[in-house]
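Chain by chain, the residues:
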Amino acid sequence: MRISASVLTILLTGPAAAGPIDCYRASKDLTKFPPLLCAGAATAAPAACFAASKDITRYPALLCSGAASNAPVDCYQASKEMTIFPTLLCAHAASQAPVACFSAAKDLTAYPALLCSGASSNAPLDCFRKAKALTGFPALLCAGAVSDAPLDCFAAAKGVTDYPALLCAGARSRAPVDCFQAAKAKDVTPYPALLCSGAVD
């Protein structure tokens, strides 16, 4: 199927394309990989975040990918003395919530930066406490959780996959399980749990 030039112009200049395109234009002289930094961006904020972070971390693209503001940089600055993984902790941060989550999690798990990565509240901690009785990988399962949805997903995934914690990591619903079953039925990939982790309704 070929897309006409006029349809392509409409697609690339419409509101949905404006954010990634603006971000790409703003970041093309900052990084060799602007598409990775700007994929799904709503504005040029990831480029501004990248520019603000390139001198403080070796991983500015990871820290700023999908950023809506410079909150990941502020989070990084606040956490760099607390953890050896401030970039992981603060990627996708919208506030200082990952730092607060990390402070509360460091006595609960050996993986507080993973558990609290990009957290918007203490929901990952609540999920983690409940998940410890269900899996040997509670930090993975509850990383980025905004509710107890990863636990519901995990319950639905048991018996469906050998990797329910991976499949349901940070899930917001049971959508990863539905995706897994569809991918497996259609033999889409030998790694359906990895493919469907993060699936949404």
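In case you missed it, the structure is sitting above this.
For the structure given in this document, a descriptive report is provided here. Source: prediction; values computed, not measured. (Residues numbered from 1 in each chain as written. Predicted model: local features only at pLDDT ≥ 70, side-chain atom pairs only at ≥ 80, totals over all residues. Heavy atoms only, no water.)

A few points about the nonpolar core
Most often, soluble globular proteins have nonpolar side chains that are buried together.
Step number 1: The biggest cluster of nonpolar side chains holds 45 residues, and the ones touching the most others in it are Leu115, Leu141, Leu167 and Cys168.
Step number 2: Beyond its immediate sequence surroundings of up to four residues, leucine 115 is in contact with Ala105, Thr109, Pro124, Leu125, Phe128, Pro138, Ala139, Cys142, Ala143 and Gly144. (Core = buried A, V, L, I, M, F, W, Y, C linked by side-chain atoms within 4.5 Å. Buried < 20%, exposed > 50% of the residue type's maximum accessible area, 1.4 Å probe, protein only. Contact = heavy atoms within 4.5 Å.)

Here we look at the state of the cysteines
Step number 1: Going through the model one piece at a time under the given rule, you end up with seven disulfides.
Step number 2: There is a disulfide in this structure between cysteine 23 and cysteine 38, and the S-S distance comes to 2.1 Å. Taking the torsion about the S-S bond as the criterion, the cysteine 23 to cysteine 38 disulfide, at about -70 degrees, is left-handed. Highlighted residues: cysteine 23 in helix 2 (residues 15–27) and cysteine 38 in helix 3 (residues 34–38), separated in sequence by 15 residues. Cysteine 38 shares its class with cysteine 23; the two are buried.
Step number 3: Here cysteine 153 is linked by a disulfide to cysteine 168, with a sulfur-sulfur distance of 2.1 Å. Since a negative S-S torsion denotes a left-handed disulfide, the cysteine 153-cysteine 168 link at about -70 degrees is left-handed. Remark: cysteine 168 occurs in the loop between helix 13 (164–167) and helix 14 (175–185) and cysteine 153 occurs in helix 12 (residues 149–157); sequence separation between them is 15 residues. (Disulfide = S-S within 2.5 Å. Helix = DSSP H or I, 4+ residues; strand = E, 2+ residues; numbered from the N terminus.)

Focus on the pattern of salt bridges
Step number 1: Counted by the stated rule, this structure contains two salt bridges.
Step number 2: The partner of arginine 129 in a salt bridge is aspartate 126, and the shortest N-O contact between them spans 3.4 Å. Placement of the pair is arginine 129 and aspartate 126 together in helix 10 (residues 123–131), with a separation of three residues, close to one helical turn.
Step number 3: Of the residues examined, arginine 129 reaches a relative accessible area of 46% and is grouped as partly exposed.
Step number 4: Using a relative accessible area of 40% as the deciding quantity, one classes aspartate 126 as partly exposed. (Salt bridge = Lys/Arg side-chain N within 4 Å of Asp/Glu carboxyl O.)

Re the side chain of serine 117
Step number 1: Looking at where serine 117 falls in the secondary structure, it is placed in the loop between helix 9 (112–115) and helix 10.
Step number 2: At a separation of 2.6 Å, a polar atom in the side chain of serine 117 contacts the main-chain carbonyl oxygen of leucine 88.
Step number 3: Sequence-distant contacts of serine 117, that is, excluding residues within four places in its chain, are made with Leu88, Leu89, Ala91 and Gly144. (Polar contact = N/O pair within 3.5 Å; in protein donor to acceptor, adjacent residues only side chain to side chain.)

As for the environment of glycine 144
Step number 1: Note on placement: glycine 144 falls in the loop between helix 11 (138–142) and helix 12.
Step number 2: Through-space distance from the C-alpha of glycine 144 to that of cysteine 116 is 6.1 Å; in sequence the pair is 28 residues apart.
Step number 3: In contact with glycine 144, other than residues within four places in its own chain, are Leu115, Ser117, Pro124 and Arg172.

Brief notes about the environment of alanine 39
Step number 1: Examined against the element boundaries, alanine 39 turns out to sit in the loop between helix 3 and helix 4 (45–53).
Step number 2: Separated by 102 residues in the primary sequence, alanine 39 and leucine 141 have C-alpha atoms spaced 25 Å apart.

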